[in-house]
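Observations on the three-dimensional arrangement
Take a look at the letters that make up each chain.
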Amino acid sequence: MVAKKYIVALDQGTTSSRAIVFDHQANIVAVAHREFTQHYPQAGWVEHDPMEIWSSQSSVLVEVLTRAGISRHDVAAIGITNQRETTIVWNKHTGKPICNAVVWQCRRSQSICQQLKVQGAEEMVRQKTGLVLDPYFSASKIKWILDNVEGAREQAEAGDLLFGTVDTWLVWKLTQGEVHVTEPTNASRTMLFNIHTQEWDQDLLELFDIPRVMLPDIKPSCAIYGYTELAGNHVPVAGMAGDQQSALFGQLCIAPGMAKNTYGTGCFLLMNTGEKAVESTHGLLTTVAIGADAKVNYALEGSVFMGGAVIQWLRDELGLIADACDTQYFAEKVDDTNGVYLVPAFVGLGAPYWDADARGAIIGLTRGANRNHIIRAALEAIAYQSRDVLDAMSKDSDVPLTEIRVDGGAVANDFLMQFQADITGAKVIRPLVTETTGMGAAFLAGLAVGVWESTDQLKAMLSTEREFISTMDHDHRAEIYAGWKKAVSQVSPNSPAQ
Ligand SMILES: Nc1ncnc2c1ncn2[C@@H]1O[C@H](COP(=O)(O)OP(=O)(O)O)[C@@H](O)[C@H]1O
Ligand SMILES: O=P(O)(O)OC[C@H](O)CO
């Protein structure tokens, strides 16, 4: 074991940047957290300012070390985990982004995807990447930037521009522009990475017309990528993963069949499938995951675009609540939603529907519907969408999923967790430490620098805080879930999952 005993995880999420200090027993010593600005320049578009991503992330790094009261000498390594797919293109000489980051939720490249579908590219893309040809992933976003930002294509071809997902951007900033790197879990979300060969794929680069020279090198998820300076100390940046794969690893779902659902901005249910890349026939994605001792594994993933973001919308756009945690109080003031369903297709629908054109709706309103019913319908919608992907996963794997490990900001909501158990019939297991996304990155960084020797050693560090078991009777569950499916069919009548 190395003498330096603290690991700092940087968790750059869709709505906030966090930094967490873990000790060598994986206990949280301190957390610092900052929300940053969401930009919605047009309907269905979502952007972030990459410089604000960096300033919020670097400031919480400084803050968390102060809060933890530890010396910079005691930091063994920094691990990174991040919102995936979000696309940043910057000038490698000036370090300046050429436009705002195009966020994973952004739909602007829908027509690019549509055109490629018409050309018949869908099957080739699915076979190589495990992904659905949807604007969610980075490739069509990069193409959009090269086609629409003045001079971008010429500069990219001349080798002056770099592309990165948020992991790559943060390492580049932390190492003062020395290291341009990513790792397989993030690469697997770009739609340019062949998940079977584990390399950038020339056919995909040609399909999207993206110069290879823009792309980062690919290193393992558990490795030392470079060093950052913290008050005169050179600290290794070691260990990175996309946030959903990091949470899967942080919950130690490292054996086939183990699954977790993260309730952050979106909801992402991932099930480890071991060394086998399982193809979905029910609208899920095949993606790269991290297995025992940080070896490359695969996972099936159900990606839901609007999870906790629905609650932010109730707060920021409707002003119905002052704080996300108020939703539990209002939802519990009523016995049900009074027949109201909220379908949060604000940026289209992800798994298993994959309808980029669908838009949100509140259905079933009557004169008796009030604020509490709408708030309750918003929380229930998060759980209904998770049931949709859970059902798809059970069908793909031929085994019903009877347990879900949960994490992410919204799992603090007991009403939501109980309703999730009720509407699925599965046991919902909430860990003591719900910062499992950050924990995954800390595990990877700690393994890379020798704070921990193996994943076996990490098992003793996880514990359960509470389990939620269904109390809903079967007929009632079937009736209200049928109502949900009917509501979805109204906003997405042509989805193959209907
Ligand atoms: N008590 C709560 N009930 C419901 N939703 C919540 C609660 N607390 C936080 N959230 C939601 O969880 C999300 C924040 O979770 P987090 O895991 O930090 O997300 P991200 O990493 O995507 O930024 C926000 O969208 C917020 O609305
Ligand atoms: O910011 P989160 O935690 O909702 O995660 C975003 C995902 O990585 C998008 O694929």
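With an unreviewed UniProt entry as reference, the chain is termed Glycerol kinase, source organism Shewanella litoralis. Per UniProt, the comment on the chain under Function (unreviewed entry) is "Key enzyme in the regulation of glycerol uptake and metabolism. Catalyzes the phosphorylation of glycerol to yield sn-glycerol 3-phosphate." Listed in UniProt under the heading Catalytic activity (unreviewed entry), the comment for the chain reads: "glycerol + ATP = sn-glycerol 3-phosphate + ADP + H(+)".

Attention now goes to the overall build of the chain. Per the secondary structure count, the chain includes 15 helices and 23 strands. Its C-alpha atoms give the chain a radius of gyration of 22 Å, within 12% of the compact-globule value 23 Å for 498 residues. C-alpha atoms of the chain, sized along the principal axes, occupy 65 × 50 × 45 Å. Burial status across the chain gives 62% buried among its 498 residues. Residue pairs in contact within the chain that sit at least 24 positions apart in sequence constitute 71% of those at least 6 positions apart. In the chain, which carries 40 positive and 58 negative side-chain charges, the distance between the mean positions of the two groups comes to 2 Å.

The mixed open sheet is built from 6 strands, whose spatial order is S3-S2-S1-S5-S14-S13. The strands lining the two open edges of the sheet, one partner per strand, are strand S3 (28-35) and strand S13 (224-230). Direction aside, the axes of adjacent strands within the sheet are offset by 25 degrees on average. Here strand S2 (residues 16-22) pairs with S3 via 7 bridges, running antiparallel. By the bridge assignment, alanine 19 is partnered in S3 with alanine 32. Most of the contacts of helix H1 (residues 50-68) go to S3, to which it runs at about 150 degrees, and overall it touches strand S1 (6-12), S2, S3, strand S5 (75-82) and S13. Against the sheet, helix H9 (residues 243-250) engages S5 and strand S14 (233-242), with an angle of about 95 degrees to S14.

On to the site of ligand 2. Taken together, the neighbourhood of ligand 2 is formed by 13 residues, with Thr14, Arg84, Glu85, Tyr136 and Asp243 sitting nearest. For ligand 2, an oxygen atom lies 3.2 Å from a polar atom in the side chain of glutamine 244. Here threonine 265 contributes a backbone N or O atom positioned 3.1 Å from an oxygen atom of ligand 2. In isolation ligand 2 offers 310 Å² of accessible surface; the protein chains occlude 94% of this area. Among the residues making up the shell around ligand 2, the classes are represented as 3 nonpolar, 7 polar and 3 charged.

The subject of this paragraph is the nonpolar core. Nonpolar side chains in soluble globular proteins tend to end up buried together. Counting residues in each nonpolar core, the largest one holds 112 residues, and the members touching the most others are Leu192, Ile210, Met214, Tyr263 and Trp484. Residue contributions to this core peak at 13 residues, all from helix H12 (residues 371-397). Filtering out sequence-adjacent residues up to four positions away, isoleucine 210 remains in contact with Ala139, Ile142, Lys143, Leu146, Leu192, Leu205 and Leu215. Grouped together as the second largest cluster of nonpolar side chains are 37 residues, Ala32, Ile88, Ala101 and Val237 included.

This next bit is on the sheet that holds strand S22 (residues 427-431). As summarised here, the arrangement of the 7 strands in space is S17-S18-S16-S15-S21-S22-S23, forming an open sheet in which the pairing is mixed. Two strands bound the open sheet, and with one partner strand each, they are strand S17 (285-290) and strand S23 (464-468). Across the sheet, the axes of successive neighbouring strands diverge by a mean angle of 30 degrees, strand direction being ignored. In this structure, S22 lies alongside S23, joined through 4 bridges in antiparallel fashion. Looking across to S23, one finds that proline 431 is bridged to threonine 464.

By the definition in use, this model includes 22 aromatic pairs. Geometrically, the ring pair formed by tryptophan 169 and tryptophan 172 is stacked, given 6.3 Å between the ring centres and 10 degrees between the ring planes. Residue tryptophan 169 and its partner tryptophan 172 are located together in helix H6 (residues 166-174), separated by 3 residues, close to a single helical turn. As far as burial versus exposure is concerned, tryptophan 169 and tryptophan 172 are alike and both buried. One aromatic cluster is present, formed by Trp104, Tyr136, Phe137, Phe268, Phe305 and Trp354 through successive ring pairs. Across from the ring centre of phenylalanine 330, 4.2 Å away, lies the NZ or CZ of arginine 371, which sits over that ring. Directly above the ring of tyrosine 481 sits arginine 387, whose terminal nitrogen or CZ lies 3.8 Å from the centroid.

Below, the discussion takes up the site of ligand 1. Around ligand 1 there are 18 residues in total, and Thr15, Thr265, Gly308, Gly409 and Asn413 lie nearest to it. In this structure, threonine 15 approaches ligand 1 through a side-chain N or O atom, which is 2.6 Å from an oxygen atom. Within the backbone of alanine 309, one N or O atom sits 3.4 Å away from an oxygen atom of ligand 1. Contributions of two or more residues to the shell around ligand 1 are made by S2 and helix H10 (308-316). With 4 residues, H10 is the largest single contributor of residues to the shell around ligand 1.

Within S22, 4 of the 5 residues are buried, which leaves the element mostly enclosed by the surrounding structure. Relative to S22, strand S21 (residues 403-407) runs parallel, the two being bridged by 3 bridges. Its bridge partner being in S22, arginine 405 is matched across the sheet by isoleucine 429.

Feature annotation in UniProt assigns "binding site: ATP" (unreviewed entry) to the following positions: Thr14, Thr15, Ser16, Thr265, Gly308, Gln312 and Gly409. Spatially, the listed residues are clustered: although they cover 396 residues, their C-alpha atoms lie within 12.5 Å of one another. Within the secondary structure, threonine 265 is located in the loop between strand S15 (259-263) and strand S16 (267-272). Look past the residues within four positions of threonine 265 in its chain and what remains in contact with it is Thr14, Thr15, Trp104, Gln105, Phe305, Met306, Gly307, Gly308 and Ala309. Counting through the fold element by element, glycine 409 comes out in the loop between S21 and helix H13 (414-424).

Cut-offs used in this document
Residues numbered from 1 in each chain as written. Chains lettered and ligands numbered in written order. Predicted model: local features only at pLDDT ≥ 70, side-chain atom pairs only at ≥ 80, totals over all residues. Heavy atoms only, no water. UniProt positions renumbered as here; feature names shortened; annotations may be inferred. Helix = DSSP H or I, 4+ residues; strand = E, 2+ residues; numbered from the N terminus. Rg over C-alpha atoms; globule rule 2.2 N^0.38 Å. Buried < 20%, exposed > 50% of the residue type's maximum accessible area, 1.4 Å probe, protein only. Contact = heavy atoms within 4.5 Å. Lys, Arg positive; Asp, Glu negative; His and termini not counted. Charge placed at Lys NZ, Arg CZ, Asp CG, Glu CD. Pairing = 2+ DSSP bridges. Axes fitted to C-alpha atoms, helices over the stretch in contact; angles between N-to-C directions. Near = heavy atom within 4 Å. Polar contact = N/O pair within 3.5 Å; in protein donor to acceptor, adjacent residues only side chain to side chain. Areas by Shrake-Rupley, 256 points an atom, 1.4 Å probe, with all protein chains shown as cover. Nonpolar A, V, L, I, M, F, W, Y, C, P; charged D, E, K, R; others polar. Core = buried A, V, L, I, M, F, W, Y, C linked by side-chain atoms within 4.5 Å. Phe/Tyr/Trp six-rings, centres within 6.5 Å; stacked < 30°, edge-to-face > 60°. Lys NZ or Arg CZ within 6 Å of the ring centre and 35° of its normal.

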